[in-house]
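So the chains spell out like this:
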Amino acid sequence: MIQLSNVAKYYPAGFGRTYVLRNINLTINEGEFVSIMGPSGSGKSTLLHILGLLEEPSEGEYRFLDQPVQKLSEKRRTELHRSHIGFVFQAYHLIDELTVYENIETPLLYKGMSGNERKSRVADVLDRFNIVAKKDLFPSQLSGGQQQLVGVARAIVAQPKVIFADEPTGNLHSAQAIEIMELFRELNQKDGVTIVQVTHSEANAEYGSRIVRLKDGWLEPEAAPAV
Ligand code: ADP
Ligand code: ADP
């Protein structure tokens with residue numbers, strides 16, 4: 001599903017370049033739940049943004065769903081992103097002027113879905129996440145944990161194949177963090193959604209089936225899976 005070959009990312013710095021990622025080789029199969037860990041500044045967010053089609057590699061090849069991402073048109077990449085990818089952010093990134101309902105509906109509007117289908121999709125997600133009573137509230141009227149539930153609801157409403165989450169519980173208390181991780185586990189195990197999260201928390205990483213560690217832009221060799 002996800003295949004990075006010799007991927008590097010650099011930014012111009014003076015007359016040279018600063019490498020943020022180097023020689024990344026990584027395969028993630030459909031149905032996996034992967035945690036990306038590593039110290040601050042090691043390139044985790046950059047890697048997640050490349051995987052989520054928000055940034056392009058400087059070198060190497062990225063194949064997403066068997067398509068060579070860098071060879072696709074901007075339009076096709078946007079389509080791929082909208083059809084198959086849900087993103088969850090540490091600071092939620094909800095739209096303050098929209099209600100909970102409207103925030104969750106946004107990805108469906110981009111897809112050009114009919115009004116009735118949108119209604120039923122949003123209703124299903126509100127119900128599943130137990131936030132029906134909050135649907136007409138604005139993000140500022142919710143606790144952090146509730147805002148992140150809405151963030152996850154928005155990420156999955158269009159039924160993506162994969163969710164990319166950047167420190168999804170970084171702003172939450174541990175009880176709220178556990179709720180979000182339980183939800184990810186359920187989406188992964190019950191719905192078969194592939195999940196890739198960046199996290200500092202070993203406890204969060206335990207919810208996944210695999211840990212990928214970055215250090216100074218390099219991927220550390222992975223431990224062999226326990227048999
Ligand atoms: P992490 O998520 O592990 O903290 P990041 O991927 O956010 O790491 O950043 C890795 C390094 O790349 C940092 O040193 C950061 O300053 C640098 N970096 C990220 N984006 C840019 C950019 N647009 N221009 C220059 N340097 C950047
Ligand atoms: P949780 O621990 O479930 O995230 P909190 O204890 O933070 O919830 O919040 C409890 C209740 O208070 C919630 O139902 C939420 O709607 C309400 N609430 C939390 N923060 C705010 C706020 N800033 N403005 C209005 N209502 C809030």
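Scroll up for the structure.
So, a few notes on the structure that sits alongside this text. (Residues numbered from 1 in each chain as written. Chains lettered and ligands numbered in written order. Predicted model: local features only at pLDDT ≥ 70, side-chain atom pairs only at ≥ 80, totals over all residues. Heavy atoms only, no water.)

Across its full length, the chain carries seven helices and ten strands. In terms of overall dimensions, the chain is globule-like: its C-alpha atoms have a radius of gyration of 18 Å, near the 17 Å expected for 227 residues. Expressed along its principal axes, the backbone C-alpha trace of the chain runs to roughly 50 × 40 × 40 Å. Sorting the 227 residues of the chain into buried and exposed places 47% on the buried side. (Helix = DSSP H or I, 4+ residues; strand = E, 2+ residues; numbered from the N terminus. Rg over C-alpha atoms; globule rule 2.2 N^0.38 Å. Buried < 20%, exposed > 50% of the residue type's maximum accessible area, 1.4 Å probe, protein only.)

The N-to-C vectors of helix α3 (residues 100-110) and helix α5 (residues 144-156) enclose an angle of 30 degrees; their axes lie 7 Å apart at closest approach. As summarised for this structure, α3 and α5 are arranged roughly parallel, according to the angle between their axes. Seen from above, α3 lies across α5 with right-handed handedness. Counting all contacts with α3, which are made through Val100, Asn103, Ile104 and Pro107, the residues of α5 involved are Val150, Ala153 and Arg154. Residue composition of the contact of α3 with α5, grouped by class: five nonpolar, one polar and one charged. (Axes fitted to C-alpha atoms, helices over the stretch in contact; angles between N-to-C directions. Parallel < 35°, antiparallel > 145°, perpendicular 65-115°, else oblique. Left-handed = near helix turned anticlockwise from the far one by under 90°. Contact = heavy atoms within 4.5 Å. Nonpolar A, V, L, I, M, F, W, Y, C, P; charged D, E, K, R; others polar.)

A separate point is the layout of surface pockets. A water-sized probe rolled over the atoms picks out the places where empty space is left. Considering only enclosed or pocket space, the largest pocket measures out at about 640 Å³ in volume. Every residue lining the largest pocket is counted, 23 residues in all, and those nearest its centre are His81, Arg82, Ile85, Phe87 and Tyr110. Those elements that place two or more of their residues in the lining of the largest pocket are α2 (74-84), β6 (85-88), α3 and α5. Sort the elements by how many residues they give to the lining of the largest pocket and α2 lands first, with five residues. For the lining of the largest pocket, the class distribution of residues is eleven nonpolar, six polar and six charged. Put simply, the second largest pocket is a space of about 210 Å³. Contributing to the lining of the second largest pocket are Arg121, Asp124, Val125, Arg128, Ile156, Val157, Gln159, Pro160, Leu187, Asp191 and Val193. Among the elements that line the lining of the second largest pocket, the one with the most residues is helix α4 (residues 115-128), at four residues. A class-by-class count of the residues in the lining of the second largest pocket yields six nonpolar, one polar and four charged. (1 Å grid on protein atoms, 1.4 Å probe; cavity = no way out; pocket = protein on both sides within 12 Å on 5 of 7 lines; lining within 4 Å. Points joined across faces, edges and corners; volume = space filled by probe spheres on them.)

When a strand is regular, its side chains alternate between the sheet's two faces. As judged from the nine bridges shared by strand β1 (residues 2-13) and strand β2 (residues 16-28), these two strands associate in the antiparallel manner. What sits directly across from Leu4, in β2, is Leu26. Sheet analysis places β1 next to strand β4 (residues 59-64), joined by five bridges and oriented antiparallel. Residue pairing in the sheet places Ile2 in a bridge with Phe64 of β4. (Pairing = 2+ DSSP bridges.)

Coordinates in, geometry out; function isn't part of it.
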